[in-house]
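Chain residues, written in single-letter form:
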Amino acid sequence: MTIQRIASKWEKTKVIYRQESLRAYIPDTRKYSLEQLRSMLDTYGYVFIKPDHGTYGNGVMSIEQWTDDLAPDNPVQYKLRFGIESRLFETVDELYAALNEKIETRPYLIQKGIHLLTHRRRRFDIRALVQQTPNKNWETTGIIGRIAAQQKVITNYHGGGDVMLIEDLLGPYMGPREFAQKYKEIKILGVQVARQMTHKFPKLKEIGLDIAIDEQHQLWILEVNTKPALFPFKLLHSKEVYQKIRRYAVAYGRLKAKSIK
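Keep in mind it's a predicted model, so treat the numbers as computed, not measured. (Residues numbered from 1 in each chain as written. Predicted model: local features only at pLDDT ≥ 70, side-chain atom pairs only at ≥ 80, totals over all residues. Heavy atoms only, no water.)

K.L.:
Which parts of the structure should I look at to understand the overall build of the protein?
P.N.:
Scanning the protein from N- to C-terminus turns up seven helices and 12 strands. Seen along its three principal axes, the alpha-carbon backbone of the protein occupies a region of about 60 × 40 × 35 Å. The buried share among the 261 residues of the protein stands at 48%. For the protein, long-range pairs separated by at least 24 residues make up 60% of all intrachain contacts whose partners lie at least 6 apart in sequence. Summed over its atoms, the accessible surface of the protein is roughly 13800 Å², and 48% of this surface lies on carbon and sulfur atoms. When the 42 positive and 29 negative side-chain charges of the protein are each reduced to one mean point, those points stand 13 Å apart. (Helix = DSSP H or I, 4+ residues; strand = E, 2+ residues; numbered from the N terminus. Buried < 20%, exposed > 50% of the residue type's maximum accessible area, 1.4 Å probe, protein only. Contact = heavy atoms within 4.5 Å. Areas by Shrake-Rupley, 256 points an atom, 1.4 Å probe, with all protein chains shown as cover. Lys, Arg positive; Asp, Glu negative; His and termini not counted. Charge placed at Lys NZ, Arg CZ, Asp CG, Glu CD.)

Below is the structure:
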């Protein structure tokens, strides 16, 4: 059984943007260029640069306008962060030249930066696993939190991040009623995105939806992954939940019936 995979972040963004009810969840995302870099930094002051084709958070960088608190009269600079390193640039043109040394000829996207909530001063986002059921419906079967490694931009597990129950991550920020509402919203959003994606990609069987929660507790779709890792859900969820995840994956051909991965 063929499971459809879509590499281009730009193509996936365009598909979900066509659904009007999903647009409010999508941060402003454009193809990378000097013009767009300048425009989006002027508009938002904080952006992410990410490869159109890429996995595990490789190649993702952040840029924010930067002023020295000890010298507030100094002109605005631009702080580029990649991995655990950072550099300051005085102009957008200098920043653009440095970015191009890293990007070379690969297609990149630029996205409005979302100020993520933090856990012990480390940023975190949410990964929702959405799967096709044996009855050919869609279901959000798992939801976990992903915490960035110390001083890193990305939350990806392969980039040194950790996973954690979202109850523990969101508990300091919201009461039980709001948490229940957000949890339900995430589950519904996962199904809506999967259904919308299948209009263009009918052989899609699963997605990993990366969701940011900002300081106002608004949800944002950061990315749609069409080959999501399953093992983090085994680390956190109950045996019954993971058995369902695995059963669905066997039904649509991701795993073999006797696989233990």
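That was the structure; now back to the text.
K.L.:
How should the packing of helix 1 (residues 9-17) against helix 5 (residues 176-200) be read in this particular structure?
P.N.:
When two helices pack together, their arrangement is given by the angle between the helix axes and the distance between those axes. Their axes nearest at 9 Å, the elements helix 1 and helix 5 cross at an angle of 110 degrees. One way to sum up the angle between helix 1 and helix 5 is to call them roughly perpendicular. Contacts from Glu11, Lys12, Val15 and Ile16 in helix 1 reach Val193, Gln196, Met197 and Lys200 in helix 5. Grouping the amino acids of the contact of helix 1 with helix 5 by side-chain chemistry returns four nonpolar, one polar and three charged. (Axes fitted to C-alpha atoms, helices over the stretch in contact; angles between N-to-C directions. Parallel < 35°, antiparallel > 145°, perpendicular 65-115°, else oblique. Nonpolar A, V, L, I, M, F, W, Y, C, P; charged D, E, K, R; others polar.)

K.L.:
How should I be thinking about the pattern of salt bridges in this particular structure?
P.N.:
Pairing of side chains with opposite charge becomes possible as their charged atoms draw close. In the structure shown here, the tally under the stated rule is 13 salt bridges. Taking the shortest distance from any N to any O, the salt bridge between Arg146 and Asp125 comes out at 3.1 Å. Placement of the pair is Arg146 in strand 9 (residues 138-147) and Asp125 in strand 8 (residues 122-132), with a sequence separation of 21 residues. Judged by relative accessible area, Asp125 falls into the buried class, the value being 4%. (Salt bridge = Lys/Arg side-chain N within 4 Å of Asp/Glu carboxyl O.)

K.L.:
So what exactly am I meant to see when it comes to the sheet that holds strand 4 (residues 77-82) here?
P.N.:
Strands belonging to one sheet form pairs held by backbone hydrogen bonds; the direction of such a pair is parallel or antiparallel. On the basis of which strands lie adjacent, the open sheet formed by six strands has the order 1-6-2-3-4-5 and antiparallel pairing. Lying at the two open borders of the sheet, with one neighbouring strand each, are strand 1 (29-31) and strand 5 (85-89). Neighbour-to-neighbour, the strand axes of the sheet open up by a mean angle of 25 degrees, direction not taken into account. Two elements, strand 3 (residues 61-66) and strand 4, share six bridges in a ladder whose sense is antiparallel. Residue pairing for strand 4: Met61 is matched across the bridge by Phe82. Relative to the sheet, helix 2 (residues 34-44) contacts strand 1, strand 2 (46-51), strand 3, strand 4 and strand 6 (108-112), its axis offset from that of strand 6 by approximately 15 degrees. The sheet strands contacting helix 3 (residues 92-103) are strand 2, strand 3, strand 4, strand 5 and strand 6, and the helix crosses strand 4 at an angle near 15 degrees. (Pairing = 2+ DSSP bridges.)

K.L.:
Would you mind showing me how to read helix 2 here?
P.N.:
Every α-helix winds through 3.6 residues per turn, so residues three or four apart in the chain are directed the same way. The complete set of buried residues in helix 2 reads Leu37, Met40 and Leu41. One side of helix 2 holds all its buried residues, which, seen down the axis, span an arc of 100 degrees. Facing away from the buried surface of helix 2 by more than 90 degrees, the exposed residues are Glu35 and Asp42. Positive backbone phi, approximately 75 degrees, marks Gly45, located one or two places after helix 2. (Arc of directions from axis to C-beta.)

K.L.:
Can you help me understand the pairing of strand 6 in this one?
P.N.:
For a regular strand, side-chain orientation follows a simple rule: the groups alternate between the two sheet faces. Among the five residues that make up strand 6, four are buried, leaving the element largely enclosed by the rest of the structure. Pairing between strand 1 and strand 6: three bridges, direction antiparallel. The residue of strand 6 that forms the bridge with Arg30 is Ile110. Note that strand 2 and strand 6 share five bridges and pair antiparallel. Counterpart to Lys50 in the pairing with strand 6 is Leu109.

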